[in-house]
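# Descriptive structure summary
Spelled out from the first residue to the last, the chains are:
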Amino acid sequence: MRGERYIRSLNDGRTVWLEGKRVENIPEHPAFKGTLTTIRGLFDTLDDPDTRDRAGYRVEGREHYAHSSFLVPYTREQLAQRSRSFAYWSAQTHGMMSRLSDYARSVVTGWYAARSQLRSLDPHFEHKITAYYEQARDNDLFLTTAIIDPQIDRSRNLDDKRIAERFLHVVRETEDGIVVRGAKMIATGAPYTHDFVISSFLKFESKDRGHAHVLIVPANSPGLHIVCREPFADHREQNHPLSAKFDEMDAVLFFDDVLVPWERVLLYGDPDKVLTLRANKTANALAYHQNVVRYTAKLEFVTGVAFAVAEAIGVTGFLHVQEKLGELLTQIGVIQALAIASETKAKPDEAGVLVPDLASIDTARNIGTKFYPRAIEILQQIGGGGFVQTPSGVEDFYGPISELMHRYFEGASISAEKKVQLFKLAWDLIGSPLGARHELYERFYAGDPVRGYANQYLGFDRQSLTEPVWKLLKETSKRGTTLA
Ligand SMILES: Cc1cc2nc3c(=O)[nH]c(=O)nc-3n(C[C@H](O)[C@H](O)[C@H](O)COP(=O)(O)OP(=O)(O)OC[C@H]3O[C@@H](n4cnc5c(N)ncnc54)[C@H](O)[C@@H]3O)c2cc1C
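Residues numbered from 1 in each chain as written. Predicted model: local features only at pLDDT ≥ 70, side-chain atom pairs only at ≥ 80, totals over all residues. Heavy atoms only, no water.

### Points about the sheet that holds strand 1 (residues 15-18)
Short version of the rule: DSSP-based pairing: two strands are paired if at least 2 bridges between them are found. Helix and strand definitions here come from DSSP, where helices need a minimum of 4 consecutive H or I residues and strands a minimum of 2 consecutive E residues; each element is numbered from the N-terminal end.
Spatial strand order, 2-1-10-11-7-6: six strands in an open sheet with mixed pairing. In the strand order of this sheet, the two ends are held by strand 2 (21-22) and strand 6 (169-173), each with one partner. The pairing of strand 6 with strand 7 (residues 177-188) spans four bridges and is antiparallel. Each bridged residue has a counterpart across the sheet, and for His169 the counterpart in strand 7 is Arg181.

Laid out in structure tokens, this is it:
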């Protein structure tokens with residue numbers, strides 16, 4: 001099964017740092033084991049005849065089933081297949097794992113799909129992206145992205161030597177490739193990815209050509225250090241049902257003179273071309289579409305927990321609680337509607353690739369940054385102090401105070417034990433380190449939300465809205481003159 005193959009592939013000499021130590025055995029480390037078990041199960045859905053058509057598609061002319069994030073959609077059915085696969089994997093993790101590589105794979109698929117448009121950027125681009133896309137698809141490569149430069153001093157740019165030295169840049173070119181030095185901040189899934197999709201983020205000037213790049217970097221590249229945050233994985237599954245299985249590790253990447261072979265240097269040396277690639281609508285729409293489908297699963301899950309908590313403590317009859325539960329349903333409705341709109345308004349690009357509607361997707365990603373923190377707030381407002389009234393473990397249900405436990409933790413409509421389980425799950429969403437990370441994730445994963453909203457304004461055909469206003473005023477003033 002490919003899940004096992006994936007797990008076995010991870011001890012490949014990569015350098016992963018956690019709590020001051022180099023991790024020797026990635027699959028067996030307690031920080032990763034629960035999460036990797038989840039991913040292994042997802043990979044196996046592509047081998048199981050009962051699930052493989054939901055998770056993937058059969059690659060034309062081959063026996064191989066690949067995940068549908070690799071499917072280039074030319075028809076509505078193929079776009080729907082992508083959406084179904086994103087929804088299927090998301091549902092298995094309740095939307096709590098968002099970087100299962102289907103996002104980064106979609107970026108690669110998008111660049112491959114748009115290769116003829118992008119040919120003008122570099123004569124070798126088309127050949128390189130085709131070879132890599134096929135390799136990733138046929139070997140089930142797990143991918144993640146890292147594009148943000150380290151947060152050192154955001155008021156400075158590359159004119160400041162301190163910044164220029166720390167942002168990822170080329171230190172020399174060799175016959176075999178380019179040697180890069182510097183850091184990238186936050187690559188989710190980094191310790192257990194196969195390759196990183198790396199690109200520069202800011203708009204650089206042409207003099208800063210050494211900082212402009214789009215690269216594919218293997219996780220086991222010599223000189224690459226993967227520096228993990230504190231693990232939130234908690235093996236007491238009864239206490240932390242989400243943290244036990246779904247802690248997607250985030251890490252910072254240090255490139256200590258890493259050689260990137262030429263065939264993995266997709267673009268380099270021209271900031272404008274890098275920006276053109278990063279702004280490619282086909283690739284962005286295919287990748288961001290995954291974000292929106294995944295988000296629906298998460299909002300449905302949080303709403304399910306909120307409903308269950310409200311029922312468990314008998315507060316569903318109160319008007320303000322009903323209003324808040326209704327608000328959660330409107331969140332789901334909005335994101336679902338935008339996902340559907342992005343699919344029904346999809347249009348073919350010049351190569352015939354069916355591209356989901358980016359305006360709908362941008363709207364979902366922007367409004368989504370506000371929905372999740374609000375959903376968590378609602379959960380807190382409904383559960384109140386109940387979240388901290390739960391006992392430290394469920395063991396007390398089987399010890400000397402068992403009878404008292406059953407009596408005093410009882411819920412409105414459920415047993416004490418079930419209620420405690422439910423509140424522990426809810427606490428994992430709202431109060432655990434994993435829960436806090438998720439709130440931050442939904443605010444920021446799509447980039448700085450402030451600039452996200454601003455870009456939606458800046459990219460909009462503003463005249464289409466202002467023209468009717470000026471027209472109305474013109475007619476009004478004409479009528480005013482007539483009346484006078
Ligand atoms: C949990 C998590 C996982 C992530 N995973 C990934 C990943 O897998 N891959 C990846 O590439 N990225 C990932 N990200 C990074 C994410 O893309 C960034 O957090 C996001 O782009 C914002 O950048 P920043 O965090 O550097 O914030 P900053 O840009 O440093 O912003 C900090 C504050 O300063 C303000 N600010 C900074 N600069 C400006 C400016 N020029 N104009 C106006 N306001 C400004 C912002 O509005 C914000 O309030 C992840 C982030 C999180 C939180």
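Next comes the rest of the description.
### Digging into the pattern of salt bridges
The condition that has to hold: When a carboxyl oxygen of Asp or Glu is within 4 Å of a side-chain nitrogen of Lys or Arg, the pair counts as a salt bridge. With a 1.4 Å probe rolled over the protein chains alone, any residue whose accessible area is under 20% of its type maximum counts as buried; one over 50% counts as exposed, and the rest are partly exposed.
Applying the stated rule across the entire model yields 33 salt bridges. The salt bridge partner of Arg181 is Asp257, with a shortest N-O separation of 2.6 Å. One end of the pair, Arg181, is in strand 7; the other, Asp257, is in strand 11 (residues 250-261), with 76 residues separating them in the sequence. Owing to a relative accessible area of 36%, Arg181 belongs among the partly exposed residues under this scheme. Residue classification places Asp257 among the partly exposed residues on the basis of a relative accessible area of 27%. One salt-bridge network, held together by shared partners, links Arg2, Arg5, Asp47 and Asp140.

### Describing the site of the ligand
Spelled out, the test is: Proximity is defined per residue: any heavy atom of the residue falling within 4 Å of a molecule or strand makes that residue near it. Pairs of N or O atoms are called polar contacts if they sit within 3.5 Å, as long as, within protein, a hydrogen donor faces a hydrogen acceptor (for residues adjacent in sequence, only side-chain-to-side-chain pairs). Each accessible area is a Shrake-Rupley result for a 1.4 Å probe, and residues are judged covered by the shown protein chains and nothing else. All residues other than Ala, Val, Leu, Ile, Met, Phe, Trp, Tyr, Cys, Pro, Asp, Glu, Lys and Arg, Gly among them, are scored as polar; the first ten of these are nonpolar and the last four charged.
If you check the shell around the ligand, you find 21 residues, and the closest are Thr145, Gln151, Arg154, Thr188 and Asp448. Take Arg154: an N or O atom from its side chain is 2.5 Å from an oxygen atom of the ligand. Notes on the ligand: free accessible area 960 Å², of which the protein chains cover 74%. At the level of secondary structure, the elements contributing two or more residues to the shell around the ligand comprise strand 5 (143-146), strand 7, helix 16 (433-444) and helix 17 (449-458). In terms of residue class, the shell around the ligand is built from 11 nonpolar, four polar and six charged.

### Some thoughts on a nonpolar patch on the surface
Let me state the cut-off plainly: Residues qualify for a patch when their relative accessible area is over 30% and they have no salt bridge, like charges being joined within 9 Å and the nonpolar side chains of Val, Leu, Ile, Met, Phe, Trp and Tyr within 5 Å.
A surface patch of nonpolar side chains, about 430 Å² in accessible area, is lined by Val469, Trp470, Leu472 and Leu473. Looking at the element boundaries, Leu472 is found in helix 18 (residues 463-483).

### Brief notes about the environment of Val353
Filter applied, for reference: In this description, contact between two residues means that some pair of their heavy atoms is separated by no more than 4.5 Å.
Residue placement: Val353 occurs in the loop between strand 13 (347-348) and strand 14 (354-355). With a relative accessible area of 0%, Val353 lands in the buried category. Taking the C-alpha atoms as reference, Val353 lies 10.0 Å from Leu286; in sequence the two are 67 residues apart. When residues no more than four places from it in sequence are discounted, the contact partners of Val353 are Val72, Pro73, Tyr74, Ala113, Thr282, Lys347 and Pro348.

### Description of the sheet that holds strand 9 (residues 213-218)
Stated formally: To obtain an axis, a line is fitted to C-alpha atoms, over the contacting stretch when the element is a helix, and the angle between two such axes runs from 0 to 180 degrees between their N-to-C directions.
If you trace the four strands from one edge of the open sheet to the other, you get 5-8-9-12, paired in mixed fashion. Looking at which strands have only one partner, the edges of the open sheet turn out to be strand 5 and strand 12 (265-268). Averaged over all adjacent pairs, the angle separating strand axes in this sheet is 25°, with direction ignored. Across three bridges, strand 9 lies against strand 12 in antiparallel orientation. Bridge pairing links His213 to Tyr268 in strand 12. With respect to the sheet, helix 7 (residues 125-138) is in contact with strand 5, strand 8 (195-199), strand 9 and strand 12, its orientation differing from that of strand 12 by roughly 145°.

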